[in-house]
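A closer look at the structure
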Amino acid sequence: MPPADLIRPDIQALRAYHVPDSAGLIKLDAMENPYAWPEALRDDWLAALRDAPLNRYPDPQGRELQQALREAMGIPAEMALLLGNGSDELIQMLALAVAQPGRKVLSLDPGFVMYRMIGLFAGMDYVGVPLRAADFALDLDATLAAIEREQPALTFIAYPNNPTGNLFDAAAIERVIEACPGLVIVDEAYAPFTDASFLPRLGEWPNLLVMRTVSKMGLAGLRLGYLAGPAEWLTQVDKVRLPYNINVLTQASAAFALRHRDRLDAQTAAIRAERGRLYDALSALAGIFPYPSDANFILARTAPGRAGAVFDGLLARGVLIKKLDGAHPLLADCLRLTVGTPDENASLLAALKQSIADA
Ligand SMILES: *Cc1c(COP(=O)(O)O)cnc(C)c1O
């Protein structure tokens, strides 16, 4: 049987998740922490890895790492915790655990594309409720109407949102949680860059889960996400987890990094400060209009029809960002810039000035 007959039509219709080649470029496209560890800390890390038993399967639940995460992140003691190979895997586990024909995943658009992709992989329908065009705020009336109509099994709310960078109104999220018949997952991937969080509010609603990741705080290479919430939910979701999903090196490295949490906190604090400076510099540039951000990136709009040329101009000058123009109607003329080091941001701004002039 040829692939055209065997592969599901909805999978054939997809394009694979595209990661551009970034070799030799200033990489400001993927919300990574730009700071490496100092030499002495790397030596300590390697010493910690020396004893990692590569011949053994990892601890199946990552218990030591779970304990380190509980302490470092202030996860309420009465809440259960589930680890994923990135939060992407947690989204997949949630979808697999609830998917049935006709079941819906709901989120806010423009938002994180993996909610839609993973929902589709699992055979669920995706419902995207548009954000308000002017400021990317949650449109409460439209969202409540969609919840009433679609009765979603899973509702994902990124807080702050990617790719828009804003926090939705907390009172509006509360209304959404109360209206949803299924689970609401508040995705706090950008928690290190904001003071707002629903983590302390776990337990206030029986259907609220909070998902986080260590990716954006500086450990993207480890692939580690975590999901916190009532045990009655997580014990069920845990059943679709593949055994040993968090490998030995990730468990040891993440536990090590959390013992040096102050280092990561200093880096994310520097990124937050630099975000403010980059925002001010962008605001002062003609031809680019930044949106306020509570994350480690800034969404910015170019003059109409210029986003492609500005993106290409930056690439030609050695700076890789993310072009969002074309991804969603509300993102017309939009670019997303990850906050880098002061040097990287200076290069970005210089290249941006030239690219806008040429565009
Ligand atoms: C980056 C991102 C994630 C993905 O996190 P991983 O743990 O790296 O899989 C999840 N949610 C949002 C909103 C993100 O922007």
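Structure report, in brief. (Residues numbered from 1 in each chain as written. Predicted model: local features only at pLDDT ≥ 70, side-chain atom pairs only at ≥ 80, totals over all residues. Heavy atoms only, no water.)

Focus: the site of the ligand
Close contacts around the ligand come from 14 residues, with Asp187, Tyr190, Thr213, Ser215 and Lys216 the closest. Within the side chain of Asp187, one N or O atom sits 2.6 Å away from a nitrogen atom of the ligand. Between the ligand and Lys216 there is a distance of 3.1 Å, counted from an oxygen atom to a side-chain nitrogen or oxygen. With the chains in place, 93% of the 390 Å² that the ligand exposes on its own is no longer accessible. Among the elements of the structure, helix H5 (87-98) and helix H9 (215-219) are those that each provide at least two residues to the shell around the ligand. (Near = heavy atom within 4 Å. Polar contact = N/O pair within 3.5 Å; in protein donor to acceptor, adjacent residues only side chain to side chain. Areas by Shrake-Rupley, 256 points an atom, 1.4 Å probe, with all protein chains shown as cover. Helix = DSSP H or I, 4+ residues; strand = E, 2+ residues; numbered from the N terminus.)

Re the pairing of strand E10 (residues 297-302)
In terms of burial, E10 is a largely internal element, six of the six residues being buried. As paired elements, strand E9 (residues 288-290) and E10 share three bridges and run antiparallel to each other. Directly across from Ile288, in E10, lies its bridge partner Thr302. Taken together, E9 and the strand that follows it, E10, pair antiparallel across an intervening segment of six residues. Where E10 lies against strand E13 (residues 334-338), five bridges are found, and the strand directions are antiparallel. The partner of Phe297 across the bridge, within E13, is Thr338. (Buried < 20%, exposed > 50% of the residue type's maximum accessible area, 1.4 Å probe, protein only. Pairing = 2+ DSSP bridges.)

Digging into the side chain of Gln267
As for its position among the elements, Gln267 is in helix H12 (residues 261-284). With residues up to four places along the chain from it excluded, the contact list for Gln267 reads Asn33, Tyr35, Ala36 and Trp37. (Contact = heavy atoms within 4.5 Å.)

Thoughts on helix H13 (residues 307-316)
The set of residues buried in H13 consists of Ala307, Val310, Phe311, Gly313 and Leu314. Taken end-on, H13 shows its buried residues confined to a sector of 160 degrees, consistent with a single buried face. Its buried side turned inward, H13 meets E10, strand E11 (319-320), strand E12 (322-323), E13 and helix H14 (342-358). Gly318 sits one or two residues past H13 and shows a positive phi near 85 degrees. (Arc of directions from axis to C-beta.)

Looking at the layout of surface pockets
Quantified by volume, the second largest pocket comes out at close to 320 Å³. In terms of lining, the second largest pocket is formed by 15 residues, of which the most central are Tyr35, Trp37, Gly218, Leu219 and Ala220. Per-element tally for the lining of the second largest pocket: the top contributor is H9, with three residues. Taken together, the residues of the lining of the second largest pocket sort by class into seven nonpolar, six polar and two charged. (1 Å grid on protein atoms, 1.4 Å probe; cavity = no way out; pocket = protein on both sides within 12 Å on 5 of 7 lines; lining within 4 Å. Points joined across faces, edges and corners; volume = space filled by probe spheres on them. Nonpolar A, V, L, I, M, F, W, Y, C, P; charged D, E, K, R; others polar.)

Points about a nonpolar patch on the surface
Taken together, Met1, Leu6, Ile7, Ile11 and Phe121 make up a surface patch of nonpolar side chains, about 500 Å² in accessible area. Residue placement: Ile7 occurs in the loop between helix H1 (3-6) and helix H2 (9-12). We classify Ile7 as partly exposed; its relative accessible area is 39%. (Patch = residues over 30% accessible without salt bridge, like charges linked within 9 Å, V, L, I, M, F, W, Y side chains within 5 Å. Salt bridge = Lys/Arg side-chain N within 4 Å of Asp/Glu carboxyl O.)

Comments concerning the pairing of strand E8 (residues 225-229)
Among the five residues in E8, five count as buried, and that is most of the element. Neither face of E8 is open: one carries Gly225, Leu227 and Gly229, the other Tyr226 and Ala228, and all of them are buried. Note: strand E2 (residues 80-84) against E8, five bridges, orientation antiparallel. Its bridge partner lying in E8, Gly84 is registered against Gly225. The sheet contact formed by strand E7 (residues 208-213) and E8 spans four bridges and is antiparallel. Within E8, the residue paired with Thr213 across the bridge is Gly225.

Quick word on empty space enclosed by the protein
Overall, the coordinates contain one cavity of 30 Å³ or more when judged by the stated rule. Along the walls of the largest cavity sit Ser107, Leu108, Gly111, Phe112, Tyr115, Phe156, Ile157, Ala158, Asn161 and Phe168, which together make up its complete lining. Listed by contribution, the elements that provide at least two residues to the lining of the largest cavity are strand E3 (104-109) and strand E5 (154-158). Of all the elements, E5 adds the most residues to the lining of the largest cavity, at three residues. In the lining of the largest cavity, the residues fall into seven nonpolar, three polar and no charged.

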